[in-house]
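What follows is the residue order along each chain.
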Amino acid sequence: MAFIRKKQQEQQLQLYSKERFSLLLLNLEEYFFEQHTAHHIQHKGSQKERRVRGSLKICSKSVIFEPDAISQPIIKIPLRDCIKIGKHGENGTNRHFAKAKSGGISLIFSQVYFIKEHNIVAPYKIERGRMEYVFELDVSGKVEDVVETLLQITAILQSRLARTSFDKNRFQSVSEKLHMECKAEMVTPLVTNPGHVCITDTTLYFQPLNGYPKPVVQITLQDVCRIYKRRHGLMPLGLEVFCTEDDLCSDIYLKFYDPQDRDELYFYIATYLEHHVAERTAESYTLQWQRGHLSNYQYLLHLNNLADRSCNDLSQYPVFPWIISDYCSSELDLSNPGTFRDLGKPVGALNKERLERLLERYQEMLEPKFMYGSHYSSPGYVLFYLVRIAPEYMLCLQNGRFDNADRMFNSIAETWKNCLDGATDFKELIPEFYGDDVSFLVNSLKLDLGKRQGGQMVDDVELPPWARSPADFLQKSREALESNYVSEHLHEWIDLVFGYKQKGSEAVGAHNVFHPLTYEGGVDLNSIEDPDEKVAMLTQILEFGQTPKQLFVTPHPQRITEKFKSLPQTSCDSVSIADSPGEESFEDLTEESKKLAWNNIAKLQLHEQHKLHKEAVTGIAVSCNGSSVFTTSQDNTLKMFSTESKMLQRSISFSDMALSSCLLLPGDDTVISSSWDNNVYFYSIAFGRSQGTLMGHDDAVSKICWHDNRLYSASWDSTVKVWSSVPAEMIGTKRHQFDLLAELEHDVSVDTISLNAASTLLVSGTREGKVTIWDLTTATILHQIQCHSGTVCDTAFSPDSRHVLSTGEDSCVNVIDVQTGMLISSMTSDKPQRCFIWDGNTVLSGSQSGELLVWDLLGGKLCERIQGHKGAVTCIWMNEQCSSIITGGEDRKIMFWKLQY
């Protein structure tokens, strides 16, 4: 998993430097400045005198000596424990030594740490009491400089950064052009390393001030796939760069001293990327996940990434949910809902009795109140799980010690039980539990992690009875994460961790309130002037845990699972599905045909074109057998065109004003046209005459729809009306009669409407950019979304009724989730898209430019431009098999398109 790969990368860098030393030996906010080849003089002046060769590291809070011989321990002397620092031989002592060729540094101190003796990772050994160590530098002339550095250490970092700059000799090419340079720190788990960032027209560089673990890190901009702004210590100072698409393991994580430097560097890289990398939002991933193109695991990885979770920052490590609640059974039954944890509750609320005690304390607490004194994700919890593969990180975090053996990660079942019952344990899981690397469950390093009260040594993690091996445990955990139950309920957990139940009254209602310091904005570190107080507060923030950045402010949509895939999510009865084998077989063939057609929609070719009208075409309707095409126009006419003879057969004029749309009633006997003169006209094809007029509105009728003897009319008078048809006694003898069933009120004129497949839902778009989803069974609003900044051009439901697509004069193409009303995808074109058809994944739109555009919604990109009309494409029609398309345009033409594949 991510952390394991990151650790492997760091180990490779250490091989480069051939050192046992690592930045994990430093304290929080401690910096490694420089190193010198030196000898540690043991028992100076006695018969036991011994010289140990190694490297002396000068750091901002300690002096570290790393012997060349791995049998010797690394020595760390904290500067806070130093009583005196000076040249050896000062004040009259050892003057003969002071005049020798080599230089000596004397440290008198009260405490020293011994680390990694024989290169074994183990708790640090501590020796206390007054003692003196002498280190001889190979270059004696450096002694005074080193002593001076140690005596003035507190001010050295910024002064060194100010005095130095990026070494331009490190550029890969002499032709590179410098764009910007600034001070920054490279972030790795638990440590930061100061240096200089430099970006040119081709490469991003980081040069550590200390040259550790390599002189320069470089990333070619052409290789960059993604960049993210990050919070670090709850402050907007971080930037993470990825050269891979689907990974949590970045190539570099930088922390800046000034947010403006961070933003300028981000803008430069983003500008470089914008032409060949699609920007990803949480909502665009939501659409992919909902439609089954991302697994639950992949989706959670993306959400963590977008919410500032990074494997480089243990205080913001990716968080994953506990899924399974059964760790006792011999077999794991993923078909039983009782096997799973309740994903609608935070860990702290899973145990009713414990929650009641916590709520009592919460009620008595003074402001600011919180329900849980510890977080669900923190560096301590991450390393609790990973101690077997990252012991040095645990020692770094806990000042050279492992935790008590009985509090270690000993058993999956024990850990789950403690999360349910423990007074202060509310932790969730990490991605490794759903990965494929078992090393964090196995003590392959043979670490001495202590002995438990029962006498047994802490070794491999004890697995539940249903897991035959660590690999089997991870596989079954992955199966559980991808199960139907989790797919149906994962959105509830997302609401808690990344969504609208993360903060405010919704969080209180969901029993999901943590300490104020865990939330962004909980404290302003810049306002703290005392450096010691600032470090203490930062330590608290980094070690206590941080709540992810909030990604969603409305309820998260549910995933479309196999169980519900063919059923629309409405409050009414769902559509019945054919149950005879023959019909199912035919349906399967039809679906395969449609899928093939949409996969090849970009191969659309113009077959023929005809100029039928004197003004823009506004509507297209086609008879079932495809022999007749009916069109309406702003030239006031309804025209009938024969696809067999290629000739215009009829031209009918109803009024002196434009016709806005048309449709054919079942049976192909009657054409209905809507007009700007406020009326709807009925024309009998068989008898060749008008069959009646519905004077239903007080302003222009903009669009009409028909289903199951009901007419739906939208108007500029701010209403959508639902009419019930009263059948004529004999076809052609009586005018159509209608009863008004419902009137759907809007604030402004309605420009477009569309029905879902079952006609249980209607979506309308207004002149002011609002999209409204109506439940037709109750004539009530389900959702109203301000989608566009101008007129809504067109709207339509996806075939499964789960999503609505809308286009507008603002050139946006938006996808809305029907269940929650969330805007889950938005793309922008260079011109407004006047009309479209779609299958839920791919869109074919008619542009103001006259082109037909093919959009990949799941990939968030425009795939193809097909030259079409001269002037805007105003209407579009597709046959049921999705193989034939007709478009109408402002150029007064209709164009016939065929798929070629």
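This text follows the structure it describes.
First things first, this report covers the structure right here in the doc. All of these numbers come straight from a predicted model, not from anything done at the bench.

## Examining the overall build of the chain
Here's step 1: For the chain, the count of helices and strands is 16 helices and 42 strands.
Here's step 2: Overall size of the chain, expressed as C-alpha extent along the three principal axes, is 125 × 65 × 50 Å.
Here's step 3: Within the chain, the proportion of its 901 residues that are buried is 57%.
Here's step 4: Looking at the chain alone, contacts between residues at least 24 apart form 57% of all its contacts between residues at least 6 apart.
Here's step 5: Counting every atom, the chain has about 38,900 Å² of accessible surface; 48% of that belongs to carbon and sulfur.
Here's step 6: Each charge class in the chain can be summarised by its mean position, and for the 90 positive and 117 negative side chains these summaries are 7 Å apart.

## Thoughts on the state of the cysteines
Here's step 1: Taken as a whole and assessed by the stated rule, the structure comprises zero disulfides.
Here's step 2: C793 takes part in no disulfide bond, and the closest cysteine sulfur to it belongs to C835, at a distance of 9.0 Å.
Here's step 3: Here C882 is not cross-linked by a disulfide; its sulfur's nearest cysteine counterpart is in C624, at 15 Å.

## With respect to the sheet that holds strand β41 (residues 884-889)
Here's step 1: Read from one edge to the other, the open sheet built from four strands follows the order β15-β42-β41-β40, with strand pairing classed as antiparallel. At either margin of the open sheet sits one strand with a lone partner, and together these are β15 (604-611) and β40 (873-878). Put simply, the sheet's adjacent strands are angled 20° from each other on average, direction ignored.
Here's step 2: Relative to strand β42 (residues 893-899), β15 runs antiparallel, the two being bridged by seven bridges. Looking across to β42, one finds that K611 is bridged to K893.

## A closer look at the nonpolar core
Here's step 1: In this structure, I323, F409, F433, F473, I494, F498 and F552 are the most contacted members of the largest nonpolar core, which totals 118 residues.
Here's step 2: Counting residues per element, this core draws most heavily on helix α13 (residues 484-497), which supplies seven residues.
Here's step 3: Each residue touching F498, except ones within four places of it in the same chain, is listed here: L303, N304, A307, V319, W493, P548, K549, Q550, L551 and F552.
Here's step 4: If you look at the next biggest cluster of nonpolar residues, it comprises 30 residues, including V52, F65, I105 and V143.

## Some points on the sheet that holds strand β13 (residues 235-242)
Here's step 1: Spatial strand order, β11-β10-β9-β8-β14-β13-β12: seven strands in an open sheet with antiparallel pairing. A single partner strand is all that each edge strand has here, and the edge strands are β11 (217-220) and β12 (226-232). Between one strand and the next, the sheet's axes are offset by a mean angle of 30°, whatever the strand orientation.
Here's step 2: As paired strands, strand β10 (residues 203-208) and β11 are joined by four bridges and run antiparallel to one another. From the neighbouring strand, L204 faces β11, where its bridge partner is I219.

## With respect to the pattern of salt bridges
Here's step 1: Summed over all chains, the structure comprises 31 salt bridges.
Here's step 2: Linking K229 and D263 is a salt bridge whose minimum nitrogen-to-oxygen distance equals 3.5 Å. Here K229 is found in strand β12, whereas its partner D263 is found in helix α5 (residues 259-273), with 34 residues between them in sequence.
Here's step 3: For the salt bridge of R231 with D308, the shortest nitrogen-to-oxygen distance reads 3.3 Å. With a gap of 77 residues between them, R231 in strand β12 and D308 in the loop between α7 (296-306) and α8 (352-364) connect regions that are remote in the sequence.
Here's step 4: Residue R231 is classed as buried on the basis of its relative accessible area of 3%.
Here's step 5: Residue classification places D308 among the buried residues on the basis of a relative accessible area of 2%.
Here's step 6: Each member of the salt-bridge network shares a partner with another, and the members are R230, R231, E240 and D308.

## Some remarks on the environment of K168
Here's step 1: Mapped onto the elements of the fold, K168 is located in the loop between α4 (156-163) and β8 (178-188).
Here's step 2: Classification of K168 as partly exposed rests on a relative accessible area of 35%.
Here's step 3: Along the chain, K168 and L178 lie 10 residues apart, while their C-alpha atoms are 9.1 Å from each other.
Here's step 4: Side-chain polar atoms of K168 contact the side chain of E181, separated by 3.2 Å.

## Topic: the packing of aromatic side chains
Here's step 1: Tallying each qualifying case throughout the model produces 37 aromatic pairs.
Here's step 2: Centroid distance W466 to F473: 5.7 Å. Interplanar angle 20°. Geometry classified as stacked.
Here's step 3: Here W493 and F498 contribute two aromatic rings whose centre-to-centre distance is 6.1 Å and whose plane-to-plane angle is 75°, an arrangement assigned as edge-to-face. As far as burial versus exposure is concerned, W493 and F498 are alike and both buried.
Here's step 4: Grouped by ring-pair contacts, the aromatic residues W322, Y327, F384, Y385, F409, W416, F433, F440, W466 and F473 constitute a single cluster.
Here's step 5: Note that K427 overlies the ring of Y381, its terminal NZ or CZ placed 5.0 Å from the centroid.
Here's step 6: Lying across the ring of W716, R767 places its NZ or CZ 4.9 Å from the centre.

## Considering helix α11 (residues 412-421)
Here's step 1: Among the residues making up α11, those that are buried are I412, T415, W416 and C419. Taken down its axis, α11 places every buried residue within 100° of arc, on the same side.
Here's step 2: Each element contacted by the buried residues of α11 is listed here: α8, α9 (379-386) and α12 (470-481).
Here's step 3: For α11, the capping residue at the N-terminal end is S411, with a side-chain oxygen 3.3 Å from the backbone nitrogen of A413.

## Describing the side chain of K721
Here's step 1: Along the chain, the position of K721 falls in strand β26 (residues 719-726).
Here's step 2: Every residue in contact with K721, bar those within four places of it in the chain, is listed here: G696, H697, L711, Y712, S713, L740, A742 and E743.

What counts and how
- Residues numbered from 1 in each chain as written.
- Predicted model: local features only at pLDDT ≥ 70, side-chain atom pairs only at ≥ 80, totals over all residues.
- Heavy atoms only, no water.
- Helix = DSSP H or I, 4+ residues; strand = E, 2+ residues; numbered from the N terminus.
- Buried < 20%, exposed > 50% of the residue type's maximum accessible area, 1.4 Å probe, protein only.
- Contact = heavy atoms within 4.5 Å.
- Areas by Shrake-Rupley, 256 points an atom, 1.4 Å probe, with all protein chains shown as cover.
- Lys, Arg positive; Asp, Glu negative; His and termini not counted.
- Charge placed at Lys NZ, Arg CZ, Asp CG, Glu CD.
- Disulfide = S-S within 2.5 Å.
- Pairing = 2+ DSSP bridges.
- Axes fitted to C-alpha atoms, helices over the stretch in contact; angles between N-to-C directions.
- Core = buried A, V, L, I, M, F, W, Y, C linked by side-chain atoms within 4.5 Å.
- Salt bridge = Lys/Arg side-chain N within 4 Å of Asp/Glu carboxyl O.
- Polar contact = N/O pair within 3.5 Å; in protein donor to acceptor, adjacent residues only side chain to side chain.
- Phe/Tyr/Trp six-rings, centres within 6.5 Å; stacked < 30°, edge-to-face > 60°.
- Lys NZ or Arg CZ within 6 Å of the ring centre and 35° of its normal.
- Arc of directions from axis to C-beta.

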